[in-house]
Amino acid sequence: MKRLLLLSLLTVVFSQYAEARHIAGGEMSYEYLGPGSGTNLRYRVTLRLYRDLTTGARLDTFAVVSIYRANPVSLVETRQVLIDRIENIQLQNPGPCIDNPPLVCYEIGVYFFEIELPPINGGYDISYQRCCRIEGITNVINSDNTGATYTAHIPGSSISPNAPQNSSPKFDTKDTVVICEGNPFFYDFGAVDTEGDQLTYEFAEAYDGANQNDPRPLTATPPPYIVLPYGFGFTFFRPMGPDVTLNPITGMVSGIAPNAGIYVLTVAVVERRNGVIINRHRKDIHIKVAACTIAAADLQPEFVTCDGFTLTFQNRSSSSLIKTYSWDFGVAGDADTSILERPTFTYTDTGVYRIRLITNRGLDCSDTAFALAKVFPGFFPAFQALDGCRNVPIQFRDQTTTAYGVIDYWKWFFGNPIVNQDTSRLQNPTYSYPNLGTYTVQLIVGSSKGCRDTIDAPLNILSKPSMQLTNDTLICTIDTLQLNAVGNGTFTWSPNYMISDVNSPNPLVSPDVPTKYYATLTSAPGCVNIDSVFVDVRSFVTLNAGPDTTICLTDSVRFNINSDGLRFRWTPTAGMNNPNLKNPTVRPTGTTTYSVTGNIGKCATTDNIVVRTVPYPTVFTQGDTTICYDDTAQIFASGGSRYVWTPANTLSASDIPNPIAFPLTTTVYRVAVFENLGCPKPSFDSVRVNVIPPIPAFAGNDTAIVLGQPLQLRATGGSVYNWSPPTGLSNPNIGNPVATLSNDITYSVRVSIPIGCFAYDTMNVKVFFTDPDIFVPTAFTPNGDGKNDKLKPIPVGVQSMDYFRVYNRYGQQVFNTTVIGEGWDGKINGTEQGTNTYTWYVQGTDYLGKRIFKKGTSTLIR
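Not measured: the values here are computed from a predicted model. (Residues numbered from 1 in each chain as written. Predicted model: local features only at pLDDT ≥ 70, side-chain atom pairs only at ≥ 80, totals over all residues. Heavy atoms only, no water.)

Draft legend 1. Up close: the side chain of Arg-133. Inspection of the secondary structure assignment puts Arg-133 in the loop between strand E7 (124–131) and strand E8 (147–154). Judged by its relative accessible area of 0%, Arg-133 is buried. Only 2.8 Å separates the side chain of Arg-133 from the backbone oxygen of Gly-147, close enough to count as a polar contact. A distance of 3.0 Å separates the side chain of Arg-133 from the side chain of Asp-284, its partner in a polar contact. (Helix = DSSP H or I, 4+ residues; strand = E, 2+ residues; numbered from the N terminus. Buried < 20%, exposed > 50% of the residue type's maximum accessible area, 1.4 Å probe, protein only. Polar contact = N/O pair within 3.5 Å; in protein donor to acceptor, adjacent residues only side chain to side chain.)

In structure tokens, the structure reads:
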């Protein structure tokens, strides 16, 4: 009983949840009807609920509507409103030029009631809440777990005495609009106002409301309301992504439709009376974007190239109903046209060109579109900003250059995630960061010719300002050195010893003793960095080119000198990768003396090194050879004093010039030959030993014949055959002699090929002194011992077997063959059978062409 009750409860909850998922939009509105009793005002309140006819449960018979006083909030009353009517709207004819048009149809439930309310300062909020919205809404996270709140506000008298005498604006919206992904669209949310109030439009938050546990609350909650959880890439002011916008004057939603899906979109009409906002009226609807296409010529407004003269053009409609394309790229003459779907055109000069596209020219669904092509190469975006400290202004400098027009557009994003106003439209702005860290700074920059590009770079905000300083260095006592410091702020150097200007970022120094100079960078009070550069001082240059060396001719060598010099110069330079390196690489063509000079400023020292070259060893090897399988060959090499053969595992020795090779497969032996004349590296050569695969000698299967039956032998595997003994053979030196026998015999055949490789095989022939027959054992033991494991016929004097069939006691055929020597292994479909008796039938043809038929039984013994 308890289990039944629990099941019933679960069924009710699930049913209630399933029935709840149907909401596809809604609108709460009111109409001012005039004075009521006393000081009251009369209103007709209307709730319109949308349901997509393709999904979800039916609309509720009753709607629960709550009325609240606003500011301060208190409940006035809650009403159960009976549904007045249901309206069905459906797009009947989307037109012939839409490919795969969607089904756009809504069921609209209309609920209304009249109420009298006294005017109050804060006005009233009227609300209805219901769970749940339909599944799979693209711009909402877990949409089937969200509900909806539809609300309207009656303005209070604190705005103006006549503000409560107001009716909601009425949307003049056609809700059956076909929207195809990736195509331009228009959705009119324009409204009219009976009082003549000024109307503007804006995207608004879609509200959540109710939940799965209480899908139809008895009282709607008061404002403020919870905003729906918009998915990644969407917000209430970008409900369909960045390419869809709302005209604030006309209420027209337009743009390029996003990917196919269902999108929650809420538009608010802002009412102004005498310049003062008195009300925001909202409409929430689920817009269906379909995977359809429109046969239209639809071009982006501009095609711009700022890094060349070539542009690629494409129609934004990919409809399969578009059969032809006719492009004109705006250049005088007929050479600037194309009939390709996605053409590329190279202009010969800069400028602005008017492009024309005609789709389906002269056919149904023909359309024309125009766009501009702007060709202005030579646009190079760049900017500079130095790392700095927190709460200290960072200077950003645009360094963009253009060959045409002027740079006239800047939009900076400073990458601060904790604030929204981290942007600037200035060319060279400053910005302060409150926290340490690495920020990604982005600049969108454009020119008067329409070029626009986006670049970004990391910026580090540190506890001290960023500073770049000359590396530690070395000078001679007679030299002067310029120090270089880069940073955002002022510099001070210390000590004040042999330095031209302690307040310059680039002073000259000439110390006569090793000195460490400190640079202090001050960007702002408390934003200070100190770094140093060590200037070592020498009175002469130390230089040792190293000992003379010997290399193999045609090799290269890298020098490894010991010196404290800063600059170097090598001679001669032939065969050298860079004569100004400290340790260059050189490939001499013979023994050469190289000279190197090292400098520290004006001080210099020179040294020499001799590179002796010795030719590589000259190696000689015997030619490739061929052996039979499992044979050996001796291989040879000469020209050196030491030898190393690889691979070594099939050689008698790997360190002698003439090892014995015994590979089982074809092998290439590589030999390294060394000599003792001075070249430390070996020369290489190889010897290939080809191995003939084993001869597949086959004399034939053992067989049985009857006395007087000629036997045709058929040996295979080679080209030369020798049979022994020759007893009864028509020719012992061919592969297919005929044997005539009177007794049992075993033949051996030698099978060879012209190169001399050979192998042997044997066959046994048993002679029966009977007529041709087929014998079948009366029993067999399939136990895997190799003896009598299969039930197979033994043909004697039989040329071919027509069939051998075995049946169990149920008449099921368990085995069938026509091949002599095959038999049944006692299994059916891989399953071993137990001890039992089986019936067999066999038929064959003897060597004279006579049919032999026999049947019988055999016992399987386990």
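From this point, things continue past the structure.
Draft legend 2. Main features of the state of the cysteines. Tallied over the full model, the rule gives eight disulfides. Note on cysteine connectivity: Cys-97 is disulfide-linked to Cys-365, with sulfurs 2.0 Å apart. Looking along the S-S bond of the Cys-97-Cys-365 disulfide, the torsion reads about -95 degrees, which is the left-handed sense. One end of the pair, Cys-97, is in the loop between strand E4 (74–90) and strand E5 (98–99); the other, Cys-365, is in the loop between strand E24 (351–359) and strand E25 (367–375), with 268 residues separating them in the sequence. Its relative accessible area of 17% is what places Cys-365 among the buried residues. With its sulfur 1.8 Å from that of its partner, Cys-131 forms a disulfide with Cys-132. The disulfide joining Cys-131 to Cys-132 has a torsion of about 65 degrees about its S-S bond and is therefore right-handed. (Disulfide = S-S within 2.5 Å.)

Draft legend 3. Quick look at the sheet that holds strand E51 (residues 603–614). On the basis of which strands lie adjacent, the open sheet formed by four strands has the order E45-E51-E50-E48 and mixed pairing. Every interior strand has two partners, whereas the edge strands, strand E45 (549–552) and strand E48 (567–571), have only one. Between one strand and the next, the sheet's axes are offset by a mean angle of 30 degrees, whatever the strand orientation. Here five bridges tie E48 to strand E50 (residues 592–600), and the two strands are oriented antiparallel to one another. If you follow Thr-571 over to E50, its bridge partner there is Ser-595. (Pairing = 2+ DSSP bridges. Axes fitted to C-alpha atoms, helices over the stretch in contact; angles between N-to-C directions.)

Draft legend 4. Layout of the environment of Gln-129. Following the sequence through the fold, Gln-129 ends up in strand E7. With relative accessibility at 7%, the residue Gln-129 sits in the buried group. When the C-alpha atoms of Gln-129 and Val-513 are compared, they prove to be 86 Å apart, with 384 residues separating the residues in sequence. Discounting residues that sit within four places of it in the chain, Gln-129 has contacts with Ala-148, Thr-149, Gly-209, Ala-210, Pro-215, Pro-217, Ala-220, Thr-221 and Tyr-225. One polar contact links Gln-129 to Thr-149, side chain to side chain, over a distance of 3.1 Å. A polar contact of 2.8 Å, which involves the side chain of Gln-129, links it to the side chain of Thr-221. (Contact = heavy atoms within 4.5 Å.)

Draft legend 5. Spotlight on the confidence of the model for the chain. When pLDDT is averaged across the chain, the result is 91; 97% of the residues are at 70 or more. Note that residues 1–20 has pLDDT below 50 and, in this model, 11 contacts with residues that lie over four places away or in other chains. (pLDDT = per-residue confidence, 0-100.)

Draft legend 6. Representation of empty space enclosed by the protein in the model. The final tally for this structure, using the stated rule, is four cavities of 30 Å³ or more. Within this model, the largest cavity holds a volume of roughly 80 Å³. At the level of secondary structure, the elements contributing two or more residues to the lining of the largest cavity comprise strand E6 (105–117) and strand E17 (276–290). Take the lining of the largest cavity: its biggest share by element is three residues, from E17. In this structure, the second largest cavity encloses a volume near 50 Å³. Of the residues in the lining of the second largest cavity, the class split is two nonpolar, four polar and four charged. (1 Å grid on protein atoms, 1.4 Å probe; cavity = no way out; pocket = protein on both sides within 12 Å on 5 of 7 lines; lining within 4 Å. Points joined across faces, edges and corners; volume = space filled by probe spheres on them. Nonpolar A, V, L, I, M, F, W, Y, C, P; charged D, E, K, R; others polar.)

Draft legend 7. Representation of the layout of surface pockets. The computed volume of the largest pocket comes to approximately 1,000 Å³. Taken together, 29 residues make up the lining of the largest pocket; nearest its centre are Asn-701, Asp-702, Thr-703, Ala-704 and Ile-820. Among the secondary structure elements, those contributing two or more residues to the lining of the largest pocket are strand E60 (703–706), strand E61 (711–712), strand E65 (758–768), strand E68 (794–796) and strand E69 (798–807). The element that contributes the greatest number of residues to the lining of the largest pocket is E60, accounting for three residues. Residues of the lining of the largest pocket, tallied by class, amount to 15 nonpolar, nine polar and five charged.

Draft legend 8. Representation of the pairing of strand E62 (residues 720–724) in the model. In E62, alternate side chains face the same way, and those of Tyr-721 and Trp-723 are buried while those of Val-720, Asn-722 and Ser-724 on the opposite face are not. Pairing of E62 with strand E64 (residues 745–752), which is carried by five bridges, proceeds in the antiparallel orientation. When the bridges of E64 are listed, Tyr-721 appears paired with Val-751.

Draft legend 9. The environment of Val-767, seen in detail. By secondary structure assignment, the location of Val-767 is in strand E65. Exposure remark for Val-767: the relative accessible area of 5% places this residue in the buried category. It is 5.3 Å that separates the C-alpha atoms of Val-767 and Asp-744, two residues lying 23 residues apart in sequence. Beyond its immediate sequence surroundings of up to four residues, Val-767 is in contact with Ile-705, Val-706, Leu-707, Leu-741, Ser-742, Asn-743 and Asp-744.

Draft legend 10. Seen up close, the side chain of Thr-667. For Thr-667, the location among the structural elements is in strand E58 (residues 667–674). By relative accessible area, which is 14% here, Thr-667 ends up buried. Looking at Thr-667, its side chain comes within polar contact range of the main-chain oxygen of Thr-665, at 2.9 Å. Non-local contacts of Thr-667, meaning those with residues more than four positions away in its chain, are made with Pro-647, Val-687, Arg-688 and Val-689.

Draft legend 11. Inspection of the nonpolar core at higher detail. Core analysis: the largest hydrophobic core is formed by 35 residues, its most contacted members being Tyr-187, Val-253 and Val-267. For this core, the elements supplying multiple residues, two or more each, are E6, strand E10 (179–180), strand E11 (184–188), strand E13 (198–203), strand E14 (244–246), strand E16 (261–273) and E17. Non-local contacts of Val-267, meaning those with residues more than four positions away in its chain, are made with Phe-171, Phe-189, Tyr-201, Glu-202, Phe-203, Leu-246, Val-253, His-281, Arg-282 and Lys-283. Membership of the second largest hydrophobic core comes to 24 residues, among which are Val-45, Tyr-111, Ile-126 and Ala-148. (Core = buried A, V, L, I, M, F, W, Y, C linked by side-chain atoms within 4.5 Å.)

Draft legend 12. The arrangement of the packing of aromatic side chains in detail. Considering all chains together, one arrives at 33 aromatic pairs under this definition. Between Tyr-207 and Tyr-225 the ring centres are 5.5 Å apart and the planes differ by 50 degrees, which places this aromatic pair in the tilted class. In this pair, Tyr-207 sits in the loop between E13 and E14 while Tyr-225 sits in the loop between E13 and E14, placing the two residues 18 residues apart along the sequence. Note on accessibility: Tyr-207 and Tyr-225 belong to one class, buried. The interplanar angle of 90 degrees and the centroid separation of 5.3 Å between the aromatic rings of Phe-236 and Phe-237 together place this pair among those described as edge-to-face. Each member of the aromatic cluster is reached from another via a ring pair, and the members are Phe-303, Phe-313, Trp-327, Phe-329, Phe-345, Tyr-347 and Tyr-353. (Phe/Tyr/Trp six-rings, centres within 6.5 Å; stacked < 30°, edge-to-face > 60°.)

Draft legend 13. Fine view of the sheet that holds strand E73 (residues 836–846). Strand order in the open sheet formed by five strands is E67-E74-E73-E69-E70, and the pairing between neighbours is mixed. Each having just a single partner strand, strand E67 (779–780) and strand E70 (813–817) make up the two edges of the open sheet. Across two bridges, E67 lies against strand E74 (residues 851–860) in parallel orientation. Within the sheet, the bridge partner assigned to Phe-780 lies in E74 and is Leu-860.

Draft legend 14. Local environment of the pairing of E70. As paired strands, E69 and E70 are joined by four bridges and run antiparallel to one another. Paired with Tyr-807 across the two strands is Gln-813, which belongs to E70. Joining the antiparallel neighbours E69 and E70 is a turn of five residues, in which Gly-811 adopts a positive phi near 85 degrees.

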